[in-house]
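Chain by chain, the residues run as shown.
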Amino acid sequence: MLFNSYSFIFLFLPLLLLCWRLTAGYGATRLSLVLLLFSVVFYALWGLPFLLLLAAILGMNYAFALALADPNRPDGTMDETEIIPEEAELAGPSESSDAQAEGPGSRPAKFRRGRRLFQGNGLKGARAWACSRKGLLAMALILNLLPLLWFKYSWFFAQNLALLMGTQWNFTPPGLPLGISFYTFIQIAWLVSVYRRQVTPQGFSRHALFSACFPYVISGPIVRYEQLGPQLDDLSGSTAEGLAQGFTLFTIGLAKKVLLADGLAVYANAVFNAAEKAFPISRAEAWLGSLCYTFQLYFDFSGYTDMAIGIGLMLGLRLPENFDSPYKSTGIVDFWRRWHITLSSWLRDFLYIPLGGNRKGRLMQYRNLFLTMLIGGAWHGAGWTFIIWGALHGSMLGVNHFFRACIKGTLLEKVLATPPMRIFFILFTFLCINLGWVIFRTVSLDGTAAMFGAMFAGPFTAEAAGLTADYAGLSTMGVLAARWLPNNYLQGWLPFALLGISFVLCWAFPNSHELLHGRRDGSRPYLSWQPSMAWATGLACLAFVTLILVSRKATFLYFQF
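Residues numbered from 1 in each chain as written. Predicted model: local features only at pLDDT ≥ 70, side-chain atom pairs only at ≥ 80, totals over all residues. Heavy atoms only, no water.

## Examining the overall build of the protein chain
Let me state the cut-off plainly: Runs of E in the DSSP output that reach at least two residues are strands. Runs of H or I that reach at least four are helices, and both are numbered from the N terminus. A simple rule labels every residue: compare its accessible area, found with a 1.4 Å probe on the protein chains alone, to the largest value its type can have, and call it buried under 20%, exposed over 50%, or partly exposed in between. Any two residues whose heavy atoms approach within 4.5 Å are treated as being in contact. Where accessible areas are quoted, they stem from the Shrake-Rupley method and a 1.4 Å probe; at the residue level, only the protein chains shown are allowed to cover.
Secondary structure summary: the protein chain contains 25 helices and 0 strands in total. Taken across its 561 residues, the protein chain has 49% of its residues classed as buried. Within the protein chain, contacts between residues at least 6 apart in sequence are counted, and of these 74% link residues at least 24 apart. Accessible area of the protein chain: about 27200 Å², with a carbon and sulfur share of 66%.

## Some details on helix α3 (residues 48-68)
Selection rule: Here the expected span of a helix is defined as 1.5 Å times the quantity of residues minus one.
For α3, which comprises 21 residues, the first-to-last C-alpha distance of 30 Å matches the rise-based estimate of 30 Å (1.5 Å per residue) to within 8%. Among the residues of α3, L51, L53, L54, I57, L58, N61, Y62, F64, A65, A67 and L68 are the ones counted as buried. In the core, the buried residues of α3 are packed alongside α2 (28-44), α8 (133-165), α9 (180-195) and α10 (204-212).

## A few points about the nonpolar core
Rules: Nonpolar cores were defined as sets of buried Ala, Val, Leu, Ile, Met, Phe, Trp, Tyr and Cys residues, with membership established by side-chain atoms within 4.5 Å.
With 82 residues, the main nonpolar core has F3, F8, W190, F210 and F214 as its most contacted residues. The dominant element in this core, judged by the number of residues it contributes, is α9, at 11 residues. Discounting chain neighbours no more than four positions away, the residues touching W190 are N61, Y62, A65, V199, P201, H207, F210 and Y225. Counting 53 residues, the second largest nonpolar core, distinct from the first, contains A274, L297, Y352 and L499.

## Let's talk about the packing of α10 against helix α12 (residues 225-233)
Spelled out, the test is: In this analysis, axes come from line fits to C-alpha atoms, helices being fitted only over the stretch in contact, and the angle between any two N-to-C directions falls in the range 0 to 180 degrees. Oblique is the label for every angle not falling under 35 degrees (roughly parallel), over 145 degrees (roughly antiparallel), or within 65 to 115 degrees (roughly perpendicular). Left-handed is the label given to a crossing in which the near helix is rotated counterclockwise from the far helix by less than a right angle, and right-handed is the label when the rotation is clockwise. Residues are sorted three ways: Asp, Glu, Lys and Arg are charged, Ala, Val, Leu, Ile, Met, Phe, Trp, Tyr, Cys and Pro are nonpolar, and all the rest, Gly among them, are polar.
Axis separation between α10 and α12 bottoms out at 11 Å; the angle between their running directions is 120 degrees. By the angle between their axes, α10 is oblique relative to α12. As for the relative orientation of α10 and α12, their crossing is right-handed in sense. Contacts from R206, L209 and F210 in α10 reach Y225, L228, G229, L232 and D233 in α12. Here the residues of the contact of α10 with α12 are counted per class, giving 5 nonpolar, 1 polar and 2 charged.

## So, the side chain of T385
Relative to the elements of secondary structure, T385 occurs in helix α18 (residues 384-407). If near-sequence neighbours (up to four positions away) are discounted, T385 is found in contact with I439, T442, V443, S444, L445 and T448.

## Let's talk about the pattern of salt bridges
Spelled out, the test is: A side-chain nitrogen of Lys or Arg and a carboxyl oxygen of Asp or Glu constitute a salt bridge if their distance falls within 4 Å.
Scanning all chains against the criterion turns up 7 salt bridges. The partner of K257 in a salt bridge is D300, and the shortest N-O contact between them spans 2.7 Å. Note that K257 is positioned in helix α13 (residues 240-276) and D300 in helix α14 (residues 283-314), a separation of 43 residues in sequence. Here K257 matches D300 in class, with each residue buried. By sharing partners, the salt bridges in this structure join R224, R348 and D349 into a single network.

## Notes on a nonpolar patch on the surface
The condition that has to hold: Here a patch means residues that are over 30% exposed by relative accessible area and free of salt bridges, tied together within 9 Å if like-charged and within 5 Å if nonpolar (Val, Leu, Ile, Met, Phe, Trp, Tyr).
On the surface, M139, I142, L143, L145, L146, L149 and F157 cluster together to form a nonpolar patch covering roughly 610 Å² of accessible area. Along the chain, L143 turns up in helix α8.

## Observations concerning the side chain of T23
Following the sequence through the fold, T23 ends up in helix α1 (residues 6-23). With sequence-adjacent residues up to four places away left out, T23 is seen in contact with R30, L31 and V34.

## As for the packing of aromatic side chains
Stated precisely, the cut-off is as follows: Each aromatic pair joins two rings of Phe, Tyr and Trp (for Trp, the six-membered one) with centres within 6.5 Å, and gets the label stacked for planes under 30 degrees apart, edge-to-face for over 60, and tilted for any other angle. Here, over-ring charges are defined by two tests on the NZ atom of lysine or the CZ atom of arginine: distance to the ring centre within 6 Å, and angle to the ring normal within 35 degrees.
Counted according to the given criterion, the structure contains 50 aromatic pairs. Plain terms: the ring middles of F42 and F214 are 5.2 Å apart, the flat faces sit at 45 degrees to each other, and that makes the pair tilted. Taken together, the residues span a long stretch of sequence, with F42 in helix α2 and F214 in helix α11 (residues 214-217) at a distance of 172 residues. A residue is classified by how much of its surface remains accessible, and F42, at 2% relative accessible area, is buried. A relative accessible area of 0% means that F214 is categorised as buried. In this structure, K152 is placed above the aromatic ring of W379, and the distance from its NZ or CZ to the ring centre is 5.2 Å. Over the face of the ring belonging to Y293 we find R441, whose NZ or CZ atom lies 5.8 Å from the ring centre.

Here it is in structure tokens:
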């Protein structure tokens, strides 16, 4: 069941709100059970095997969490140097070394502990580490990643291994469980929080509700228990303001998805599919197709997020924001602070910082940024295009950080902060992002090469492509369209109207969060939501137009990631 389906809008959601209202007077525990029941039904409608897998993973993680929360379990503070001594250390100190002066943390002392691991005491030490909290956490993380690797990457690995060995294998890829990438990240964050003793398991039903809550389990936002746990303790009935704000955000998100993303998808798919099949594409068609996908992806994913946050508001939950006008970014660093915010913070906390962050100098910082984005790219999908896209963004982040460090505190920094230069950098950043999305969208490297070839090398017009068109009877605009758009991937005025509206909404309008709650500095935008008749009428009209087109069934792009 999709958020943008009649069954969800006219049956599931009203039934949930009715039950929510009827249960409101019986306390937070009853409300938790109602939300858990509806979440289970919502997920089960996608397929019972998916639900069983999710339940098994949640049960496994809850068992690990109980063990991690055990106050009597050792932490397992032995580090790698204590278990596997470095080669130089294996040469060993001389017997005449001054052992009396050695401290417990000195390198000779570590050497002896490491040597004992290989001399009888080793198995005992290894078992102690394996049963420690650190060992349990490592085991839990591995077991969480294994299903993700199998369902998402097994076909990719098998295909590339067969190509490397020059053979052909008949390997049927397993079906991808819905939302597995998102709930795996949520589980990892929860286990690490339990390991750090920031969170205590509060019963399996609470864990199941937090992990499988239907507004975000499919495509995020990626929530942390620290954000949502206190809200689950204080569940209460819906308020009038919460319902009004929730319906407002849900309607805006639905309109983004149905009116813009799905409309642009028709033209983006036509151009990118042509590139994959090596069909002719003119330069104008390639650029317009890339722009269609750039805005399709934004309105698709931010629309879903708006709907998820809106549903949360109807139930009294405040989910984290995931977008902050990312196409207004003045650089790639700024972009990743605004795009898919919960994923960026997850990658920062669970990849970039453990890799060393910026603690070991700039070169190591750039390396860590590159590796983080490379893994982040691979997370988006099992394909070389995703890996290249991640590597590209990792490289651009490194260049951006290097540039910012070079000009920091100089006159040039002040010059570049002036409004004309900010506009230039916004446009330049958008261009880089758009080119990156081309790699992200294409299915194969041949398709990527075909798109870039058309964008930068042409053919520019129908004549340059060797086509002989008959312009007789066409208007001036018709002749231009026939010359620059000879393959009819973008017909009529609609694709240009959708692109124009997208540009205006992304750059001249406040985003959904600003509309509802105001800007970060506390100010309110010129279009600020109010519980007024004007807003109610406008939203009703928007909802009516949107619901007419809901029949064009289309899943959300991030469902496949």
